[in-house]
Amino acid sequence: MMKRRDLLRLLPMSAVATLPMMQPARAQSLWDMMNQTRTLTDAEREANSAAAIQAIDTVEPILSYDTANNLQMAIAQYEPFVARGGWEQVPQETYGVTMGVNRDGVVQLKRRLISSADMAMVERVDEAMDAPTDAALRRFQARHGLVVNGQVDEATWYALNVPAETRLHQLRLNLLRVQNMASALADRYVVVNIPAAFIEVVEGGMVQRRHTAVVGRIDRQTPILKSRIHQINFNPYWNVPVSIIRRDLIKYMNENPNYLTEQKIRILDGNGQELQPSQINWQTEEAVNYRFRQDPGPQNSMGNVKINFHNPHAVYLHDTPTKGLFGENARFYSSGCVRVDQVQDFVGWVLRDNGDWGPGEVANLFATGERKDVEVTNPPEIHTTYISAWANRNGVVSFRDDVYEFDMAGKVSFDA
C-alpha cells in the first residue's frame, strides 16, 4: 500500500517542494470569481452526502462469505483496468477545489472520478466543478473513509493519487484475509476493523449497526485477536498500564507537577496505601513500581463504561471523554485499546440477553455515575481484524490506508 511519503516520489520536484504546507495551489483570482458556477444549497449538499454514505451502507458484514464474493467481482473488474494502465494522477492544482470554482486540474479530477465509477460517463469533460462532480467527490470520500465534505482536501488528494495497481493489490490480499476468517464466525459477533477504525455489530449474517472507533496508533497497535465480550464495567476506575506510566505519566508529571491531581489519578503502593505525588522521584522510573488508578467521573479516560474480553494484551473497548476524535479522518490515537462512539447503544446490544437490561437501564447508569459490574449473558464473539479493502453487494468498493503496513508486508494471516 502506498504511503504519502512514497507518493512524493511520483511528483516533479517543483510540486514536492510545495507539498509540506499543502496550501491551495493559488489564491482565488479574478478569473476564478468570474468563472464561478452556482453553489449548492445546504439541502443539496446534505443530499449528496447522504447518497454517498448510502452507497456504502449495506447490511453485509465486512467478515462474511458475501464480502469474499463481492471482492472477487471487484478484482475481476480491476484487473483489466490496471492492465490498461489504471487511472491518471490528479495534479496539485486541484488541492482546495470545492463546488463553485473552476480551476486547472478539474478535468483530470473528473476523469479520475469517472475511472473509479464514482462519476457517470459524460460526452465532454470540462473544468466546471459542478453539482455532479460534487456528488462524485463525496461518494469517493465515503468509499475511502474520509470526511464527506465535497472538497479536495489533503487526505482526499492523497487518496485520489494512490495508483490503481496498489488498490488491486489490496483487493487480492483482503480477499484471502476474509476467506481465512469467514468460515469460523459465530451467529452473533463484533468486528473491530483497524484500518477503517470502525466497529460492526453482526447478527444473523447482517450488520445490525456500525460504530465509529478510535484504535491504536502506529507505535502502539491494536492487536489482532479473537475473543468474547464477557463483562461490562459501568463508571469504572482506570488502572493505568505500566507501559503508559513509563511512556506518558512520567513525562506529563515532569511537564506539570499537578497533572495527577488534575486528572484525579491516585498512587497506590503494594498494600493499597495512597501516596502523594511528591513522594515519587519523577526524574527516574521509580513510578513504575506503584499502581496508578483514576477515579470514576467525567474526566476518566474510559468514560462511562469499559467492555472486557479475555486477551493477553490487556486491551478492551471503552467510552471516552474526548469524543471529538470520532470526527477525524485518521482515528489512530489510542495505546491499543478501542474507543467506541455511541457506546451506550453498543452496550445495550451486548447486554440484550441479560434479562431486565435495556436502553433505559444503561442510560440510567451513565447518568447517575453508579459503579456497577455486569457479567454478560450469551457473550458475543469479538474479532479485531485488518481489512483495508472490501466491496458490497452494490459493487461499491471501499479502501483504507495501510496504517500498520501489513499490506506492504503482504500479510494474509495473523496470530490471533
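Residues numbered from 1 in each chain as written. Predicted model: local features only at pLDDT ≥ 70, side-chain atom pairs only at ≥ 80, totals over all residues. Heavy atoms only, no water.

> How would you sum up the packing of helix α5 (residues 65-83) against helix α9 (residues 164-182)? Please name residues and give values.
What describes two packed helices is the angle between their axes and the distance between those same axes. The N-to-C vectors of α5 and α9 enclose an angle of 160°; their axes lie 9 Å apart at closest approach. Classified by the angle their axes make, α5 and α9 are roughly antiparallel. Note that α5 runs across α9; the crossing there is left-handed. For the pair α5 and α9, the contacting residues are Tyr-65, Thr-67, Ala-68, Leu-71, Gln-72, Ala-74, Ile-75, Tyr-78, Glu-79, Phe-81 and Val-82 in the first and Ala-164, Glu-165, Arg-167, Leu-168, Leu-171, Arg-172, Asn-174, Leu-175, Val-178, Gln-179 and Ala-182 in the second. Partitioned by chemical class, the residues of the contact of α5 with α9 number 14 nonpolar, four polar and four charged. (Axes fitted to C-alpha atoms, helices over the stretch in contact; angles between N-to-C directions. Helix = DSSP H or I, 4+ residues; strand = E, 2+ residues; numbered from the N terminus. Parallel < 35°, antiparallel > 145°, perpendicular 65-115°, else oblique. Left-handed = near helix turned anticlockwise from the far one by under 90°. Contact = heavy atoms within 4.5 Å. Nonpolar A, V, L, I, M, F, W, Y, C, P; charged D, E, K, R; others polar.)

> Tell me about the UniProt feature "domain: L,D-TPase catalytic" (unreviewed entry) in the protein chain, residues and numbers included.
Taking the UniProt record as the reference, the feature "domain: L,D-TPase catalytic" (unreviewed entry) is found at residues 188-366. Secondary structure within residues 188-366 divides into 19% helix and 32% strand; the distance between the first and last C-alpha atoms comes to 25 Å. (UniProt positions renumbered as here; feature names shortened; annotations may be inferred.)

> Could you give an account of the pairing of strand β9 (residues 305-309), with specific residues and numbers?
Burial analysis of β9 places five of its five residues in the buried class, the great majority of the element. Judged by which residues are buried, β9 turns out to be covered on both faces: Val-305, Ile-307 and Phe-309 on one side and Lys-306 and Asn-308 on the other are all buried. Relative to β9, strand β4 (residues 225-234) runs antiparallel, the two being bridged by five bridges. Note that in β9 the partner of Gln-231 across the bridge is Asn-308. Two elements, β9 and strand β10 (residues 317-318), share two bridges in a ladder whose sense is antiparallel. (Buried < 20%, exposed > 50% of the residue type's maximum accessible area, 1.4 Å probe, protein only. Pairing = 2+ DSSP bridges.)

> Residues and numbers for unusual backbone geometry, please.
With a phi close to 55°, Asn-378 is a non-glycine residue in the positive phi region. As for its placement among the helices and strands, Asn-378 is situated in the loop between β13 (372-375) and β14 (381-385). Residue classification places Asn-378 among the partly exposed residues on the basis of a relative accessible area of 41%. Located in the positive-phi region is Glu-405, a residue other than glycine, with phi close to 60°. Structurally, the position occupied by Glu-405 is in the segment after β16 (397-399).

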